[in-house]
Amino acid sequence: MTAVTPGLVCAHHHLYSELARGMPPPPKTPTDFQEILEQIWWRLDAALDLEMLEWSAKLGALEALEAGTTAIIDHNETPNAIEGSLSVIADACAEVGVRVVTAYGVTDRHGHEGAVRGLEENRRFLDEGGNGLVGVHASFTCTEETLEAASDLANEYDVGVHIHVAEGPGDRDAPERLAGLTNDRWLLSHCVYLPDDHGLDGTILHNPRSNLNNGVGYANPARFSNPVALGTDGIGANMIESFRLAYVMHRSVDVTIGPDIAWSWLETGLDLVPEARNDEVTWSYDPMDPWHIAFTAGVHPVKIEVEGEVVYEDGAPTRVDADEIRAKAHEQAVRLHARL
Ligand SMILES: [Zn+2]
């Protein structure tokens, strides 16, 4: 029995982080979210070059396809390989046959010049017709000037801003920092520490596995009036698994709810990347209905068409060699881990 759905959308991904798995442990065990950023992610992102990024993105795109995800909203942070990075990601995804909307996560962590270079990479990519947004790391790592410049750039190109918001307690003042800048096109990722009446516009991106992994708590996104979509925050792009986890996390705070709410969050992704509605995923299970899928493990795609082209069939991608991508990604991971 099979069922067909549109392509799934991962609404918050970091394709640069695919080579992190198996990395050496940090010199000091992080004790909170800020230290996880400092000890793990900000050491990893600084060590990446464009060749590593290329194979990290191809591995991420391949694994997305293997999970029936045909569209990724990516947020890139490669502070020592900024220029050209968004094109590397776009080309890698195109090669595999997965849609991507990418953005460079602007930050003042590396000084004003670093922020300007990030803004310019967003501008270059958008100016060349790339499918992008304007990325901002988070308000707590940006000056007022940078936040306003990112907002202005997004308005100039008529796109949204993709930003982390109140993921940890250190970003609690995000509502005040971003007041007056947001609109419906903005994508606000995490929002764990955002109050119910935050006043920000945009779609909230819920990443339940990442939030659990970082020990930051449960965002409980049903409490917001904003639309909600599901992401992974870089831990793969299996959106069926993300839906299942989002459902039980929601259930853990309200036993009266059903899986149809988390399923609607999965479907919000199609509002963010409407082209994915043109894609067809044929699944190993029928019906693809929230009350079934919430309680069925191991559901996987058997065939995927993107814009009418078969890109996945018989357990393998049609455009690329999965074994080669895994081998090359492993080579780059060894090179990356040696720098840490
Ligand atoms: Zn993120």
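The following paragraphs examine the structure supplied in this document. (Residues numbered from 1 in each chain as written. Predicted model: local features only at pLDDT ≥ 70, side-chain atom pairs only at ≥ 80, totals over all residues.)

With that settled, the discussion passes to the overall build of the protein. Across its full length, the protein carries 11 helices and 14 strands. The C-alpha atoms of the protein give 19 Å as radius of gyration, which agrees with the globular expectation for 340 residues (20 Å, within 12%). Dimensions of the protein, computed from the C-alpha atoms along their principal axes, are close to 55 × 45 × 45 Å. In the protein, which comprises 340 residues, the share counted as buried stands at 51%. Sequence separation of 24 or more characterises 73% of the internal contacts of the protein that already satisfy a separation of 6 or more. (Helix = DSSP H or I, 4+ residues; strand = E, 2+ residues; numbered from the N terminus. Rg over C-alpha atoms; globule rule 2.2 N^0.38 Å. Buried ≥ 20, exposed ≤ 12 C-beta atoms within 10 Å, placed from the backbone. Contact = placed C-beta atoms within 7 Å.)

The N-to-C vectors of helix 2 (residues 50-66) and helix 11 (residues 322-338) enclose an angle of 140°; their axes lie 9 Å apart at closest approach. Of the possible angle classes, the one that applies to helix 2 and helix 11 is oblique. Of the two possible hands of crossing, helix 2 and helix 11 adopt the one that is left-handed. Only Ala 322, Ile 325, Arg 326, Lys 328, Ala 329, Gln 332, Arg 335 and Leu 336 of helix 11 make contact with helix 2, whose side of the interface consists of Glu 51, Met 52, Trp 55, Ser 56, Lys 58, Leu 59 and Leu 62. (Axes fitted to C-alpha atoms, helices over the stretch in contact; angles between N-to-C directions. Parallel < 35°, antiparallel > 145°, perpendicular 65-115°, else oblique. Left-handed = near helix turned anticlockwise from the far one by under 90°.)

Before going further, it helps to examine the pairing of strand 7 (residues 161-165). For strand 7, a buried count of 5 out of 5 residues is recorded, marking the element as mostly surrounded by other parts of the structure. Neither face of strand 7 is exposed, since Val 161, Ile 163 and Val 165 on one face and His 162 and His 164 on the opposite face are all buried. Note that strand 6 (residues 134-138) and strand 7 share 4 bridges and pair parallel. Within strand 7, the residue paired with Gly 135 across the bridge is His 162. Following the backbone out of strand 6, through helix 5 (residues 144-156) and into the adjacent parallel strand 7, one traces a crossover that is right-handed. Pairing between strand 7 and strand 8 (residues 187-190): 4 bridges, direction parallel. The partner of Val 165 across the bridge, within strand 8, is His 190. (Pairing = 2+ DSSP bridges. Right-handed = clockwise from strand over helix to strand, strands pointing away.)

Moving on, we come to the environment of Arg 21. Secondary-structure assignment places Arg 21 in the loop between strand 2 (8-13) and helix 1 (33-47). On the basis of neighbour count, Arg 21 is assigned to the exposed category, with 11 C-beta atoms found within 10 Å. Taking the C-alpha atoms as reference, Arg 21 lies 8.5 Å from Ala 333; in sequence the two are 312 residues apart.

Turning to the packing of helix 4 (residues 111-127) against helix 5, a few remarks are in order. At their nearest, the axes of helix 4 and helix 5 sit 11 Å apart, and the two run at 5° to each other. Taken together, the axes of helix 4 and helix 5 are roughly parallel relative to one another. Here Ala 115, Leu 119, Asn 122 and Arg 123 of helix 4 come into contact with helix 5, specifically with Thr 146, Ala 149, Ala 150 and Leu 153.

Limitation: the analysis is restricted to geometry and does not speak to function.
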